[in-house]
Amino acid sequence: MPDTTQSFSQLLLTYGPGAMLDLPDHAVVVAGLQGWHYGGQWQPIEEQRLVPLLRQQLALGPEFEGLRPPPKQDEDRHDDRRPGVDVMVFPTWFTVEEPQQSAGQTPATSETRRRMVEFDHLQTRGDRLSYPDPVSGKRLGVNPIRFVGACAKGHLEDVDWRGLAHRGGDRACRKPMFWVERGVSSDPSDISVQCTCGARVTMADLYKPMFLGTCAAFSPWLMPRYISGDSCDEDLRLLPRSATNTYFAQTVTVISLTRTDDRVRQTIEEHRQTVESLRSLPNFVQVLRSLPQTKEPFAPFSDEEIINALATIAQDSDGSSTNPRVAEFEALASGAPVIGYDDAAAFLFAETLDRPTLSLSPPWDQFLAGIVKVSRLREVTCLYGFTRLEPPPTSAESELDEIQLNVDGAPLSREVKWLPAIEQFGEGIFLHVNPDYIRQWRDRADVVIRADELYRGEAHEAANFNRPPRHLGVAYWALHSLSHALMAELAMECGYPISSLKERIYASGAGQSDRFGILIYTSTAGAQGTLGGLSGMAEHMPKILAKAVHGLELCSNDPICADHHAGTDLDERPLHGSACHACILVPETSCEARNTRLDRGLLVSTLVGSKSAMFL
């Protein structure tokens, strides 16, 4: 099978371990972490706020080493140890390409019959699979079957086509099987699997609840694929291989931080693996200064600075179980004139703009506590699992003072010794929102009534997925809606398309310390995300805010959009108030909450009026 390349982000977010992938000549499932080969060439991704969080939330043992980037293709290597990711052929049932067409029938009544064969009956010629027809002697091309069986816990297996067709009959029958399509409608009742003996089952039957039986706890991406004694109590469900709900990556993302003017800490983080391997030596600082890869980076610092920084890092790691967003917020909202330092290797460099120079007019003079120009930031995203059929809760559905990783997904490996991650660099703008302004708005009687409506919407959504509701509060809904409006407006000003922009909403709930802010940023591998087009808009944010909010007053879908309420059971949008694709919905890649918890009526008075608007 020839090499097929994927970008790091594709391998992590779309085609990670356990994902089904169509290659030019094969349908495969991507191997678990045991099938990721580095050929001895890899550098760890250092993010010390994320690693303790993963250890705690996922109950990882001391064997957990940390984070690694996906294997990088080496075009000069062709040996068996070259870097890459294994894939396994899946599904193992195929249909022969040359169909048997019924003669003398109209298209509406004709039947197309394709022989069904298993992988064991195929031969390989070059990179293609073929079926040796015993009648004609020809080698016929084959296509993988379009449907597989999956369960809500992520297990995956071939459908027992022969057993289901012969249910209640002779299950020992081994006569030829055919995939039969009648007419041109593609209706499930017109598609069936038939045996030469006369047994058959239709696709309409296969979609019936519990028809496929109970899941067999089979995981074809892991080694071993099945462990004797494993069981799963979930019902097996029919799943088209190309369906959008075949794979939902479970990820956690943090923004790397650098203490103000503390460059020695970042240098240690960048070379942590080397530093930790030398710590047991009595003269480890001298050894550190003598190694080629660390000699120059540590040259500007004294021995005492290095030792003190290591001690401080050790103290900080003892209490690192809180949501990383809290540390991000406190760094960006510190009010320090300079956050981090200006260097090409810096993880974070930001500047708090001088408030008097912004010439803020009402209501922005009361709404904004500060604007931070983020000239450089580093984003680390880690993949720790995945789900099928139903998406997991987003990271935005955790309270700001705590984080909960969804641990009910499918595993990436039988034994997790490391997890894949990617680091990207970019720029952005941080808006520190005045907590007094939010409190005064949130305590208004009309807003309290609207908050109860949003609460019901979150409860309806949770009931649909059979999980407890997560109530993020009316402030999150409002700031999230404002963030979407800002991204749409910034996309017309900064030079980045809106699909390249991302958001992080900081909104504490009831009983938590008041932290409110919006970070809009862009990030990508390399330096393309740090060209200054977005961060350069920081000085113009008052004008951009005013234009963004004014544009929310009217939607081309009004009055239908304006009159939509969250919490209603009349449609399937309980997490949308006055929100639609014509006003504040953005590309899925830009939103941290899958385009949910949006309501422009919380910000402005819409066509039908809104007494709960933040900016009346």
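Going by the structure above, here's the rest.
Cut-offs used in this document
Residues numbered from 1 in each chain as written. Predicted model: local features only at pLDDT ≥ 70, side-chain atom pairs only at ≥ 80, totals over all residues. Heavy atoms only, no water. Helix = DSSP H or I, 4+ residues; strand = E, 2+ residues; numbered from the N terminus. Rg over C-alpha atoms; globule rule 2.2 N^0.38 Å. Buried < 20%, exposed > 50% of the residue type's maximum accessible area, 1.4 Å probe, protein only. Phe/Tyr/Trp six-rings, centres within 6.5 Å; stacked < 30°, edge-to-face > 60°. Core = buried A, V, L, I, M, F, W, Y, C linked by side-chain atoms within 4.5 Å. Contact = heavy atoms within 4.5 Å. Pairing = 2+ DSSP bridges. Axes fitted to C-alpha atoms, helices over the stretch in contact; angles between N-to-C directions. Left-handed = near helix turned anticlockwise from the far one by under 90°. Disulfide = S-S within 2.5 Å. Patch = residues over 30% accessible without salt bridge, like charges linked within 9 Å, V, L, I, M, F, W, Y side chains within 5 Å. Areas by Shrake-Rupley, 256 points an atom, 1.4 Å probe, with all protein chains shown as cover. Salt bridge = Lys/Arg side-chain N within 4 Å of Asp/Glu carboxyl O. Parallel < 35°, antiparallel > 145°, perpendicular 65-115°, else oblique. Expected span 1.5 Å × (residues − 1).

Draft legend 1. The arrangement of the overall build of the chain in detail. Helices and strands together make up the secondary structure of the chain, namely 15 helices and 25 strands. Over its C-alpha atoms the chain spans a radius of gyration of 28 Å, differing by no more than 12% from the 25 Å that the globule rule assigns to 616 residues. Reported as C-alpha extents along the three principal axes, the dimensions of the chain are approximately 85 × 70 × 45 Å. Looking at the chain residue by residue over its 616 residues, the buried ones come to 50%.

Draft legend 2. Examining the packing of aromatic side chains more closely. Throughout the structure, instances matching the rule amount to 15 aromatic pairs. Geometrically, the ring pair formed by Trp36 and Trp418 is edge-to-face, given 6.1 Å between the ring centres and 65° between the ring planes. On the criterion of sequence distance, the pair formed by Trp36 in strand 3 (residues 36-37) and Trp418 in strand 23 (residues 418-433) is long-range, its members being 382 residues apart. Trp418 gets classed as buried once you look at its relative accessible area, which sits at 9%. Their ring planes at 80° and their centres at 5.7 Å tell us that Trp364 and Phe367 sit as a pair that is edge-to-face. Here the residue Trp364 and the residue Phe367 both occupy positions in helix 11 (residues 364-367), the gap between them amounting to three residues, near one helical turn.

Draft legend 3. A look at the nonpolar core. Within the largest apolar cluster, 58 residues are counted, with the highest numbers of intra-cluster contacts made by Phe367, Ile371, Ile429, Leu479, Leu486, Leu490 and Met541. Ranked by the residues each element gives to this core, the list is headed by helix 14 (residues 474-491), at eleven residues. Here Ile371 is in contact with Glu351, Thr352, Leu353, Leu358, Ile429, Phe430, Leu431, Ala538, Met541 and Pro542, once residues within four sequence places are set aside. Ranked by size, the runner-up nonpolar core spans 42 residues in total, among them Leu12, Leu67, Leu156 and Cys382.

Draft legend 4. Structural view of the pairing of strand 12 (residues 139-144). In this sheet, strand 12 lies alongside strand 7 (residues 93-96) in antiparallel orientation, the contact comprising three bridges. Counted as the bridge partner of Val96 is Val142 from strand 12. Connecting strand 11 (residues 128-132) to the next strand, strand 12, in antiparallel fashion are six residues, including Gly137 with a positive phi near 80°.

Draft legend 5. Geometry of the packing of helix 12 (residues 435-442) against helix 14. Two elements in contact, helix 12 and helix 14, have axes whose closest approach is 11 Å; the angle formed by their N-to-C orientations is 115°. In this structure, helix 12 crosses over helix 14, and the sense of that crossing is right-handed. When helix 12 is examined against helix 14, the residues Ile438, Trp441 and Arg442 are found in contact with a partner set consisting of Val474, Ala475, Ala478 and Leu479.

Draft legend 6. Molecular detail of the state of the cysteines. Inspection of every chain in the model, using the stated rule, returns zero disulfides. Counting only cysteine sulfurs, Cys195 is the nearest neighbor of Cys173, a cysteine outside any disulfide, at a range of 3.7 Å. Residue Cys173 is classed as buried on the basis of its relative accessible area of 8%.

Draft legend 7. Layout of the sheet that holds strand 14 (residues 156-157). With respect to topology, three strands assemble into an open sheet ordered 14-13-18, the strand pairing being antiparallel. In this open sheet, the two edge strands, each paired with only one partner strand, are strand 14 and strand 18 (237-240). As paired strands, strand 13 (residues 147-150) and strand 18 are joined by four bridges and run antiparallel to one another. Counted as the bridge partner of Phe147 is Pro240 from strand 18.

Draft legend 8. Spotlight on a nonpolar patch on the surface. Taken together, Leu554, Leu607 and Val608 make up a surface patch of nonpolar side chains, about 300 Å² in accessible area. Position of Val608 relative to the elements: it lies in the segment after helix 15 (541-550). Since its relative accessible area comes to 44%, Val608 is described here as partly exposed.

Draft legend 9. How the structure looks around the sheet that holds strand 1 (residues 20-22). With respect to topology, three strands assemble into an open sheet ordered 1-2-6, the strand pairing being antiparallel. Of all the strands in the sheet, just strand 1 and strand 6 (87-89) have a single pairing partner and so form its edges. Taking each pair of neighbouring strands and ignoring which way they run, the sheet shows an average axis angle of 40°. Bridging between strand 1 and strand 2 (residues 27-30) involves three bridges; their strand directions are antiparallel. Each residue of the ladder has a partner; that of Leu21, found in strand 2, is Val28.

Draft legend 10. Expanded view of unusual backbone geometry. Note the cis peptide between Phe90 and Pro91, where omega equals 5°. Looking at the secondary structure, you find Pro91 in the loop between strand 6 and strand 7. The backbone phi angle of Ala217 is positive, close to 60°, even though this residue is not glycine. Following the sequence through the fold, Ala217 ends up in the loop between helix 4 (203-206) and strand 18. Exposure remark for Ala217: the relative accessible area of 5% places this residue in the buried category. Of note in this structure, Arg597 is not a glycine but carries a positive phi near 55°. Residue position: Arg597 is located in the segment after helix 15.

Draft legend 11. Molecular detail of the packing of helix 14 against helix 15. Helix 15 packs onto helix 14 with a crossing angle of 110° between their chain directions and a minimal axis gap of 9 Å. Relative to helix 15, helix 14 is oriented roughly perpendicular. The element helix 14 and its partner helix 15 pack so that their crossing is right-handed. On helix 15, the residues touching Leu482, Ala485, Leu486, Glu489 and Leu490 of helix 14 are Met541, Ile544, Leu545, Lys547, Ala548 and Val549.

Draft legend 12. Structural context of helix 13 (residues 445-464). Between its first and last C-alpha atoms helix 13 spans 30 Å; for 20 residues at 1.5 Å apiece the expected length is 28 Å, and the two agree. Every buried residue of helix 13 is listed here: Val447, Arg450, Glu453, Leu454, Gly457, Glu458, Glu461 and Ala462. Looking at the buried side of helix 13, the elements it contacts are helix 12 and helix 14. After helix 13 finishes, the residue Asn466 shows a positive phi value of roughly 55°.

Draft legend 13. Expanded view of the pattern of salt bridges. Summed over all chains, the structure comprises 27 salt bridges. Between Glu181 and Arg146 there is a salt bridge, with its nearest N and O atoms 3.5 Å apart. Pair noted here: Glu181 is in strand 15 (residues 177-182) and Arg146 is in the loop between strand 12 and strand 13, with a separation of 35 residues, a long-range link. Classification of Arg146 as partly exposed rests on a relative accessible area of 41%. With its nearest N and O atoms 3.4 Å apart, the salt bridge here joins Glu489 to Lys547. A residue pair is termed long-range when its members are at least 10 positions apart, and Glu489 in helix 14 and Lys547 in helix 15 qualify at 58 residues. What emerges from the salt-bridge pattern is a single network uniting Glu47, Arg49, Glu328, Arg378, Glu423 and Arg504.

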